[in-house]
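Spelled out, the chains give:
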Amino acid sequence: MPAPNGHDGMKHLNFKEITMMIRRLVIMGAAGVLAAQLGATAQAEPGGCLKYGAAGAVGGHVANHHAVLGAATGCVVGMYRRHEYRKEARAKAKLYDQEHPGSKGSYEQKATAYDVEHSTSPGVMQPSGGPGNQGQGAPHPEAPSPGAQQSGERL
């Protein structure tokens, strides 16, 4: 039953409004698919200008509304971190080439292979733990501790 004023209470869309809604849905769907594709092929590197810049903008906004200054500082820090990461990856690739002459692949692939072979992690040149690395100050397992008695000695 229609309302007393003659309207049924529903909003009716015209053709132009419907096409605009469909266009928006298609664009949003395409953007989502594109983002999923780009996200799947992303490199495992430290941030960079966009990631650190966004974090810096949020931090700058919180700290007395200096979002632009925070974004610029975050961008610089992100670019430096990525530069240091790539510099280390090139150094690891060079070490891998010395151990495996004639090996093929990009410096990222060689750095990853070096990390796997030497039990290191990205961002660290020295192995973390393992048989050859007991940590600083830890006694070597074969070395007797100071003050330990020899098996033939008696008091």
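Along each chain, the written sequence defines residue order, and numbers are assigned to residues from 1. Totals for whole chains, interfaces and linings use every residue, but because this is a predicted model, local features are given only for residues with pLDDT of at least 70 and side-chain atom pairs only at 80 or more, for both listing and counting. Working from all heavy atoms in the structure, the side-chain values ignore hydrogens and water.

## Here we look at the packing of aromatic side chains
And then number 1: Only centres within 6.5 Å qualify two rings of Phe, Tyr or Trp (six-membered ring in Trp) as a pair; their planes then separate them into stacked at under 30 degrees, edge-to-face at over 60, and tilted for everything else. Following the criterion strictly, the structure yields 0 aromatic pairs and no others.
And then number 2: Across the ring face of Tyr107, the terminal group of Arg90 is positioned such that the distance to the ring centre comes to 5.8 Å. Only lysine NZ and arginine CZ atoms are considered, and such an atom sits over a ring when it is within 6 Å of the ring centre and within 35 degrees of the ring normal.

## Things to note about a nonpolar patch on the surface
And then number 1: Taken together, the side chains of Leu13, Ile18, Met21, Ile22 and Val26 make up a nonpolar region of the molecular surface, amounting to roughly 440 Å² of accessible area.
And then number 2: Residue placement: Met21 occurs in helix α1 (residues 15-40).
And then number 3: For Met21, a relative accessible area of 42% translates into the label partly exposed. What goes into a patch is any residue over 30% in relative accessible area without a salt bridge, connected to like charges within 9 Å or, for nonpolar side chains (Val, Leu, Ile, Met, Phe, Trp, Tyr), within 5 Å. Note on areas: Shrake-Rupley, 1.4 Å probe, and residue coverage restricted to the protein chains presented here. A carboxyl oxygen of Asp or Glu within 4 Å of a side-chain nitrogen of Lys or Arg is what we treat as a salt bridge. What counts as a helix is a DSSP run of H or I of at least four residues, what counts as a strand is a run of E of at least two, and both are numbered from the N terminus. Any residue under 20% of the maximum accessible area for its type is buried, any over 50% is exposed, and the rest in between are partly exposed; the area is computed with a 1.4 Å probe on protein chains only.

## Here's the deal with the pattern of salt bridges
And then number 1: Enumeration over the complete set of coordinates arrives at 4 salt bridges.
And then number 2: Where Asp115 meets Lys92, a salt bridge forms, and the shortest distance between an N and an O atom there is 2.5 Å. With Asp115 in helix α4 (residues 107-117) and Lys92 in helix α3 (residues 67-99), this residue pair connects regions lying 23 residues apart in the sequence. Like Lys92, Asp115 is buried.
And then number 3: Three or more residues are tied together by salt bridges with common partners; here these are Glu88, Lys92 and Asp115.

## Some words on the packing of helix α2 (residues 49-62) against α3
And then number 1: Interaxial angle, 0 to 180 degrees, is taken between N-to-C directions of lines fitted to C-alpha atoms, where a helix line uses only the stretch in contact. With their axes 6 Å apart at the nearest point, α2 and α3 run at an angle of 150 degrees to one another. Crossing of α2 over α3 shows right-handed handedness. Across the interface between the two elements, Cys49, Tyr52, Gly53, Gly56, Ala57, Gly60 and His61 from α2 touch Ala67, Gly70, Ala71, Gly74, Cys75, Val77, Gly78, Met79 and Arg81 from α3.
And then number 2: Of the residues in the contact of α2 with α3, the class split is 8 nonpolar, 7 polar and 1 charged. Left-handed describes a crossing in which the near helix is turned anticlockwise from the far one by less than a right angle; the clockwise case is right-handed. Residues count as neighbours in contact if any of their non-hydrogen atoms are within 4.5 Å of one another. Classification used: nonpolar for Ala, Val, Leu, Ile, Met, Phe, Trp, Tyr, Cys and Pro, charged for Asp, Glu, Lys and Arg, polar for all others including Gly.

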